Amino acid sequence: MPKQIRYLDRNKEPTMEAGLRVKTYKEYSYGFSPTLALDEAQRCLFCKDADQRCIKACPINVDIPGFIKKITEGNILGAYEIILKSDPFPSICGRVCPQERQCEGSCILFYDTVKDRKNKGLPVSIGALEKFVGDTVRLMGIKPDLKKEPPNGKRVAIVGAGPAGLSCAHELAILGYSIDIYEALPVAGGVMVYGIPTARLDRSIIEWEVNRLKSLGVRFFFGRAIGRGLSVKELLNSYDAVFLAVGAGRGKLGIKGENLNGVFSAIEVLMRVGLMGAGRGADTPIDLGQKTAIIGGGFTAVDCAITTLRLGIQTHVVYRRTRDTSLARQEEWDHIEEEGAILHWLTQPIEILGKEKVEGLKCVKMKLEGLDSQGRPKPVAIEGSEHIIECDSVIFAIGQGANPIAYEELPNLELTKYLTIKVDEGFRTSVPRLYAGGDAVNGGDTVVRAIAEGKKCAMSIHQDLTSGVKR
Ligand SMILES: Cc1cc2nc3c(=O)[nH]c(=O)nc-3n(C[C@H](O)[C@H](O)[C@H](O)COP(=O)(O)OP(=O)(O)OC[C@H]3O[C@@H](n4cnc5c(N)ncnc54)[C@H](O)[C@@H]3O)c2cc1C
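All of these numbers come straight from a predicted model, not from anything done at the bench.

Enquirer: Got a minute to help me understand the site of the ligand in this structure?
Expert: Not every one of the 37 residues close to the ligand is listed here, only the nearest: V96, E183, R200, F299 and D439. P163 places a main-chain nitrogen or oxygen 3.3 Å from an oxygen atom of the ligand. For the ligand, an oxygen atom lies 2.8 Å from a polar atom in the side chain of D439. Relative to its free-state accessible area of 1,000 Å², the ligand is covered by the protein chains to the extent of 98%. Among the elements of the structure, α8 (163-174), β2 (178-183), α9 (191-194), α12 (266-275), α13 (299-310) and α16 (447-467) are those that each provide at least two residues to the shell around the ligand. The leading source of residues in the shell around the ligand is α13, at 3 residues.

Enquirer: Hey, could you run me through the pattern of salt bridges in this one?
Expert: For the structure shown, the criterion picks out 31 salt bridges. Among the salt bridges present, the one from K131 reaches E13, with a minimum N-O distance of 2.9 Å. Residue K131 is found in helix α7 (residues 126-140), and its partner E13 is found in the segment before α1 (18-21); the two are separated by 118 residues along the sequence. For the pair shown, K131 and E13 are each scored as buried.

Enquirer: Where do I start with the packing of aromatic side chains in this structure?
Expert: How two aromatic rings sit relative to each other is given by the distance of their centres and the angle of their planes. According to the stated counting rule, one finds 5 aromatic pairs in the structure shown. Each ring, one from F220 and one from F222, has its centre 5.6 Å from the other, and the planes form 15°; the classification is stacked. Ring centres of W333 and W345 lie 4.9 Å apart, and the angle between their planes is 80°; on these two criteria the pair is classed as edge-to-face. With W333 in helix α14 (residues 330-338) and W345 in the loop between β9 (342-344) and β10 (347-353), this pair connects stretches of sequence that are 12 residues apart.

Enquirer: Where do I start with the sheet that holds β9 in this structure?
Expert: Note on sheets: strands pair through backbone hydrogen bonds, and any given pair is parallel or antiparallel. Read from one edge to the other, the open sheet built from 5 strands follows the order β6-β14-β7-β8-β9, with strand pairing classed as parallel. Whereas interior strands pair on both sides, the edge strands pair on one side only; in this sheet they are β6 (263-265) and β9. In this sheet, neighbouring strand axes are inclined to one another by 20° on average, regardless of whether the strands run parallel or antiparallel. Relative to β9, strand β8 (residues 314-318) is paired through 3 bridges, and the arrangement is parallel.

Enquirer: Looking at this structure, how should I read α8?
Expert: Side chains that are three or four residues apart share a direction in an α-helix, a result of its 3.6 residues per turn. In a regular helix each residue adds 1.5 Å, so 12 residues correspond to 16 Å; α8 covers 17 Å between its end C-alpha atoms and thus fits that length. Taking burial as the measure, the 12 residues of α8 include 12 buried ones, the bulk of the element. For α8, the full list of buried residues reads P163, A164, G165, L166, S167, C168, A169, H170, E171, L172, A173 and I174. Once α8 ends, the next one or two residues include G176, with phi positive near 95°.

Enquirer: Help me understand the domain arrangement of the protein in this model?
Expert: Think of interface size as the accessible area that goes away when the parts come together; that is how it is often given. Partitioning the protein into structural domains gives domain 1 (18-140), domain 2 (155-247 + 403-467) and domain 3 (252-399). The C-alpha centroid of domain 2 is placed 27 Å from the C-alpha centroid of domain 1. Counting residues at the interface gives 23 residues for domain 1 and 23 residues for domain 2. Contact between domain 1 and domain 2 buries roughly 2,100 Å² in total, counting both sides, with carbon and sulfur atoms accounting for 71%. By the criterion of area lost to domain 2, the three top residues of domain 1 are F89, I92 and R138, representing 31% of everything that side buries. Inspection of the region where domain 1 meets domain 2 yields 0 salt bridges.

Enquirer: What is the right way to read the sheet that holds β2 from this model?
Expert: Ordered in space as β3-β2-β1-β4-β16, the 5 strands form an open sheet in which the pairing is parallel. Each of the sheet's edge strands pairs with one partner strand only, and the pair in question is β3 (219-222) and β16 (434-436). The sheet shows a mean angle of 20° between the axes of neighbouring strands, direction not considered. In this structure, β2 lies alongside β3, joined through 4 bridges in parallel fashion.

Enquirer: Help me out: how do you make sense of the layout of surface pockets in this one?
Expert: Rolled over the atoms, a probe sized like a water molecule indicates the empty space that remains. Computed from the structure, the second largest pocket encloses a volume of approximately 1,200 Å³. Along its surface, the second largest pocket is lined by 41 residues, and R10, E100, E104, Q330 and E331 are the ones closest to its centre. Here the lining of the second largest pocket takes 6 residues from α14, the largest share from any one element. Residues belonging to the lining of the second largest pocket are distributed by class as follows: 8 nonpolar, 14 polar and 19 charged. Here the lining of the second largest pocket spans two domains, and each of domain 1 (18-140) and domain 3 (252-399) adds at least three residues to it.

Enquirer: Honestly, the side chain of E339 in this entry has me stumped. Any pointers?
Expert: Counting through the fold element by element, E339 comes out in the loop between α14 and β9. Relative accessible area serves as the criterion here: at 11%, E339 is assigned to the buried category. Polar contacts involving the side chain of E339 include one to the side chain of R21, which spans 2.5 Å. Here E339 is in contact with A18, R21, V22, L309 and R310, once residues within four sequence places are set aside.

Enquirer: Mind showing me how you'd approach the packing of helix α4 (residues 64-72) against α7 here?
Expert: Packed helices, taken two at a time, are described by the angle their axes make and the gap between the axes. It is at 11 Å that the axes of α4 and α7 come closest, and there the two elements cross at 60°. In terms of axis orientation, α4 runs oblique to α7. When you trace α4 past α7, the crossing you get is left-handed. For the pair α4 and α7, contact is made by I64, F67, I68 and I71 and by I126, L129, E130 and V133, respectively.

Enquirer: Sorry if this is basic, but what is going on with unusual backbone geometry here?
Expert: Glycine aside, the phi torsion of most residues is negative, and most peptide linkages are trans. Non-glycine residue F46 carries a positive phi angle of around 50°. With respect to the helices and strands, F46 occurs in the loop between α2 (34-41) and α3 (54-57). A positive phi is found at N61, a non-glycine position, where the angle reads about 50°. Among the structural elements, N61 can be located in the loop between α3 and α4. Of the residues examined, N61 reaches a relative accessible area of 43% and is grouped as partly exposed.

The rules behind each value
- Residues numbered from 1 in each chain as written.
- Predicted model: local features only at pLDDT ≥ 70, side-chain atom pairs only at ≥ 80, totals over all residues.
- Heavy atoms only, no water.
- Near = heavy atom within 4 Å.
- Polar contact = N/O pair within 3.5 Å; in protein donor to acceptor, adjacent residues only side chain to side chain.
- Areas by Shrake-Rupley, 256 points an atom, 1.4 Å probe, with all protein chains shown as cover.
- Helix = DSSP H or I, 4+ residues; strand = E, 2+ residues; numbered from the N terminus.
- Salt bridge = Lys/Arg side-chain N within 4 Å of Asp/Glu carboxyl O.
- Buried < 20%, exposed > 50% of the residue type's maximum accessible area, 1.4 Å probe, protein only.
- Phe/Tyr/Trp six-rings, centres within 6.5 Å; stacked < 30°, edge-to-face > 60°.
- Pairing = 2+ DSSP bridges.
- Axes fitted to C-alpha atoms, helices over the stretch in contact; angles between N-to-C directions.
- Expected span 1.5 Å × (residues − 1).
- Domains from an automatic or database assignment.
- Contact = heavy atoms within 4.5 Å.
- Buried area = accessible area lost by both parts, 1.4 Å probe.
- 1 Å grid on protein atoms, 1.4 Å probe; cavity = no way out; pocket = protein on both sides within 12 Å on 5 of 7 lines; lining within 4 Å.
- Points joined across faces, edges and corners; volume = space filled by probe spheres on them.
- Nonpolar A, V, L, I, M, F, W, Y, C, P; charged D, E, K, R; others polar.
- Parallel < 35°, antiparallel > 145°, perpendicular 65-115°, else oblique.
- Left-handed = near helix turned anticlockwise from the far one by under 90°.

What follows is the structure, given as structure tokens:
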């Protein structure tokens, strides 16, 4: 009998009610139970051309039908082992990837190939299934069978323990390399630990992954800001290769009033609250007032809103494009809106008002007209639409170039015009044996792209160190 196609009855992960979750920093999504996971897995049609659909749309090409099939057979360890071939961190990607723009956006249940029409039905909850698999293995303490090569005597230093650095370490450790990671902060995880709030990604998950890396032999050196004390040049003298995975700094817009009291960068707010406990009983100060305006339309903006809402602050988010062209997950916008955030789409800040302290944010309304240099709809100001959003603080949640401390002393390191590190297709920089990837190269994108670049870089390092060709 032909399989009944269940276009619409997608299972949703049970989620804490909005009134409760705004009072806690605990994860608000409970994840699939085994029954829900099995039911959702059975919606997959296991397309023969999946390599042209969900697998292709995944930046690390996870064998999605392969792992979902294992769930339908009740073999969760088998599902985990399939995912691990492409994705070293399933519980993390399942939680934070923008699946609707990636795997789920190409699911046949959603995309009608015959009429070339989107929104035909609801895609399989691929992200939630990946998270279910990762969480089950982690919580049950099951050990996957990882085939690790014997030590090959080669040493690689990695600067930065964000997703790019961690994924590069994972791949090289399995290939038999000796890996040392130098991290400026006292913890590993990069933005995943000091940016993304615990409400979306519990820290125990990152700790578990870091311990797994340690069990593969990876060594971590915390509180070591390369460029202050130990330099990249010194690392290049002691190691066969060095991978710079230092992430991106966060920027401002260059508008009037940016130096007023009450103007913050997103990372400052997220680090003070998330890592140092400001506003949560610790001594660390943070004065955002009663009302805040967050500028930006990506994950950073959403995470700032999650944080300020939990501090009881009236929260405005101001973005110059539309909701559906924003870079965060649509579901996350729904969540913060339910929690009380006021979202201002097609709105461009033009001045921060105030004498010494922030008193408001002057904005102009935008419309989309034509395309910009990257092929995205271009926002254009609407004349006479100036208006003021009342606020006591402004938070910049927009990206910029790479974190520079690590490479300031390398005059031969070429940068792009966006101040990101210039690399070739194998993530090799202009300095021999020095590689770079993640936000430091792409200017700020996603966890999964950083993972993908960390992996590609590992492959280039392996190729270069085993080919005998001197760089
Ligand atoms: C607030 C926020 C929320 C986000 N939410 C999401 C999301 O939900 N989903 C998603 O896919 N993406 C999200 N992103 C984007 C994603 O987090 C990044 O693209 C990703 O973390 C980049 O990884 P990375 O390893 O390149 O850099 P990072 O994660 O920035 O890690 C770089 C590491 O290098 C260390 N470092 C820097 N300089 C030095 C030095 N000189 N010496 C030693 N160590 C150094 C830093 O301390 C840091 O730990 C978010 C970004 C932000 C800012």
